[in-house]
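Listed below are the residues making up each chain.
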Amino acid sequence: MASKDPLLQPYQLKHLTLKNRIMTTSHEPAYPENGMPKDRYRAYHVERAKAGVAMTMTAGSAAVSKDSPPVFNNILAYKDEVVGWMKKLTDECHDHGCAVMIQLTHLGRRTHWNKGDWLPALTSSHQREPAHRAFPKKMEDWDIARIIRDYADAAERMAEAGLDGIELQCYGHLMDQLMSPLTNELDAPYGGTLENRARFTMDVLAAIKERVGDRLLIGMRYTADETAPGGLSEEEGIAVGKMFKASGHVDFLNVIRGQIHTDPAMTDVIPVQGMASAPHLDFAGRIKAEVGLPTFHAARIPDVATARHAIASGKLDMIGMTRAHMADPHVVRKIIEKREDDIRPCVGATYCLDRIYQAGDALCMHNAATGRELTMPHDIAPAAEKKKVVVVGAGPAGLEAARVAAERGHSVTVFEAASKPGGQVRLTAQNPRRKEMIGIIDWRMAQCAARDVEFRFDTWADAADVIALNPDVVVIATGGLPQSEVLEAGNELVVSSWDMISGDVKPGSNVLVYDDAGDHAGLQAAEVAAKAGAKVEIMTPDRSFAPDVMAMNLVPYLRSLQDKDVTFTVTFRLTSVARDGNRLKAVIGSDYMPLAKERHYDQVVVNHGTLPMDELYFELKPMSVNLGEVDYDALIAGRPQTVNGGPKDGFRLFRIGDAVAARNTHAAIYDGLRFLKDV
């Protein structure tokens, strides 16, 4: 019987039938190898295709020209060798009934001249983009003609690869830089009026159409409102959409609102946790209504209910759930199977994008299999032999270990010293802006409950408690405690970032937050103090503060702090603290020269990571068959751990997460998955 769910209805896009209304929009996970979408890249997209997504949009964005060098490992669509790799990806996705498109672009000024072949960046002015900092060459007529040809050449390669369509990026990149009055300083015929500023894009569309005809559907992902004084207005955005429709060359629109030239601007386009969900949905609906072309959209639509509303209300024709599919690539399958409660939620951590923009690869904060499909499973296979697994610690590492072991079919018992699960994640979630992080814990608790995992809270487990259960496998996930013994003198006078975040210590009136870790905890402690009305100084010995928070997650912290009495001090090291009357005298040094400045505060907060709580691990280690040893080659390759050397009648012992060393939530969850998936 056909489903009546709006999300599961097919959609006819000209000759292409999309089997439902859910897609993943173009994004670059930075998995290519030498600019080619090889095995890892293909496996990532095929996983979503197998699970039922109607269309996967690859690349974000694929570069059409040599003077558009990628800044985060994009696909190089200007190379002929891309055809074979894209064909292999497309064919495999087609085998699962999933349409495939690719986003093509020239980055314009949104790159740097010291990348790739060291060609000058270029755009329609000499204005530098703040985010990427290259001073661009102002385009000449031969640049325009050359790049138009490059677009047509790239489109022809995609047609040869058998893709269903292409999408041209017209937000933040070269097309939009010409379209915007803020960045187009060219003379006619490519500068001045809206029609002139749009001419480059229209010429590219015509060249592509002439080259590939009807072999490819063509879409525009475009900024329909820059939301900036003097920028492209909403009315002009609608006018541009009507130009696209009148040309006859555009088959769909993918609507963007805002700019991406700075971190704050990009965060408003692609909101992170604590910001509104689906902030531009109504605007995209207006574009659809007024322009009359098929309309797609994605901007923090993390849950099925919002996606269903977007389609049922007629605001959109296709809904993009891109970060949601990084958290759970099986969203569509679980909707079809009426298992929406089993969907792993996107918590808006935006670890995925922040890693890309910091020259890494996209990884989901709490799905460690995403991007690792070649070695890590999204579906956990049942074990041939049922075992008894004991997990000590119910933070993210321990809960992931328990979940994976339970899905394998094992009997699992979890000890936790606290009265509630969550560990450091529960501490983090006390910040109202980061409360969605608790979804990492709640989802795992629900998955464990469905598989009869036994939890023993308020239990400080010792070796006797563990051994009494006669386990086959023991997992130590006890986490760590703040490391605050970092000063030459006065360690007893400081408090930890955890003390401040938890509320165990109230903020003073003049507070130094000494952040030698660079993660969320330092800024979160500063936020608590600043909101309480304290004068706050955030100090770090690094040349930039909070580097592990990364770009997009840094934005809400600065929006919370900059209008308060908060200063940021870099490249200075706190060396000691001493009492001076009713105040604290801090001695401040530097790694760059001998220095001993004195400053006074009434409270000093230290953020320096954690030290592992590993006593139980070392107590159990001699009783384990592997003596705690890990085969790193097997771990990296995703193979089972088979190290032996201890007592034959012992248990296999694993230590994971911060019980090993201070890391982050993703590392903890990755440990839980890769150690337990083959137990």
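All figures in this text were calculated on a predicted structure; none of them were measured in a lab.

The rules we used
Residues numbered from 1 in each chain as written. Predicted model: local features only at pLDDT ≥ 70, side-chain atom pairs only at ≥ 80, totals over all residues. Heavy atoms only, no water. Buried < 20%, exposed > 50% of the residue type's maximum accessible area, 1.4 Å probe, protein only. Helix = DSSP H or I, 4+ residues; strand = E, 2+ residues; numbered from the N terminus. Pairing = 2+ DSSP bridges. Contact = heavy atoms within 4.5 Å. Lys, Arg positive; Asp, Glu negative; His and termini not counted. Salt bridge = Lys/Arg side-chain N within 4 Å of Asp/Glu carboxyl O. Polar contact = N/O pair within 3.5 Å; in protein donor to acceptor, adjacent residues only side chain to side chain. Axes fitted to C-alpha atoms, helices over the stretch in contact; angles between N-to-C directions. UniProt positions renumbered as here; feature names shortened; annotations may be inferred. Core = buried A, V, L, I, M, F, W, Y, C linked by side-chain atoms within 4.5 Å.

Here we look at the pairing of strand β9 (residues 217-223)
A large share of β9 lies buried, amounting to seven of its seven residues. Taking every second residue as pointing to the same face, both faces of β9 are buried, with Leu217, Gly219, Arg221 and Thr223 on one and Ile218, Met220 and Tyr222 on the other. Here strand β8 (residues 165-170) runs beside β9; their pairing, made up of six bridges, is parallel. Counted as the bridge partner of Leu168 is Met220 from β9. With five bridges connecting them, β9 and strand β10 (residues 252-256) associate as parallel partners. Bridge pairing in β10 links Met220 to Leu253.

A look at the environment of Ala349
Mapping Ala349 onto the fold places it in the loop between α12 (331-336) and α13 (351-357). Judged by its relative accessible area of 7%, Ala349 falls in the buried class. C-alpha of Ala349 to C-alpha of Met437: the two residues are 88 residues apart in sequence and 7.3 Å apart in space. With sequence-adjacent residues up to four places away left out, Ala349 is seen in contact with Gln273, Met365, Met437 and Asn553.

Examining the side chain of Glu28
Tracing the backbone through its elements, the reader meets Glu28 in the loop between β3 (22-24) and α1 (39-50). Here Glu28 sits buried without a salt bridge, and the closest side chain of opposite charge, Arg40, lies 9.2 Å off (N-O distance). Within the structure, Glu28 has its side chain in polar contact with the backbone nitrogen of Ala30 (distance 2.9 Å). With residues near it in sequence (within four places) discarded, Glu28 still touches Tyr41, Ala59, Gly60, Phe72, Asn73, Asn74, Ile75 and Ile356.

Some remarks on the environment of Ala299
Here Ala299 is to be found in the loop between β11 (295-297) and α10 (304-312). Beyond its immediate chain neighbours, meaning those up to four positions away, Ala299 contacts Val269, Pro271, Ala278, Pro279 and His280.

Re the sheet that holds strand β18 (residues 495-496)
Read from one edge of the open sheet, five strands run β18-β25-β19-β20-β21, paired in parallel fashion. Of all the strands in the sheet, the pair left with one neighbour each is β18 and β21 (566-570). By the bridge criterion, five bridges tie strand β20 (residues 535-540) to β21 in an arrangement that is parallel. Along β21, the bridge assignment pairs Val536 with Val566. Those strands touched by helix α19 (residues 520-531) are β19 (510-515), β20, β21 and β25 (603-607), and its axis lies near 165° from that of β20.

Some details on the sheet that holds β10
The pairing of strands in a sheet comes from backbone hydrogen bonds and takes either a parallel or an antiparallel form. Strand order in the closed barrel formed by eight strands is β3-β4-β5-β8-β9-β10-β11-β12, with parallel pairing between adjacent strands. Neighbour-to-neighbour, the strand axes of the sheet open up by a mean angle of 25°, direction not taken into account. Across the sheet, helix α2 (residues 82-94) is in contact with β4 (55-63) and β5 (99-105); its angle to β5 comes to roughly 145°.

Let's talk about the UniProt feature "domain: FAD/NAD(P)-binding" (unreviewed entry) in the protein chain
Per the UniProt annotation, the sites labelled "domain: FAD/NAD(P)-binding" (unreviewed entry) are residues 387-626. Note that residues 387-626 is 29% helix and 28% strand, and that its end C-alpha atoms are spaced 17 Å apart.

Observations regarding the nonpolar core
By size, the foremost hydrophobic cluster in this structure holds 105 residues, and its most contacted members are Leu104 and Phe200. Ranked by residue count, the leading element in this core is helix α3 (residues 141-160), at nine residues. Once residues lying within four places of it in the same chain are set aside, the contact partners of Leu104 are Ser61, Ala62, Val64, Ala77, Tyr151, Ala154, Ala155, Met158, Ile166, Glu167, Leu168 and Gln169. The next biggest cluster of nonpolar side chains, apart from the first, holds 43 residues, and it includes Ile380, Ile438, Ile441 and Phe654.

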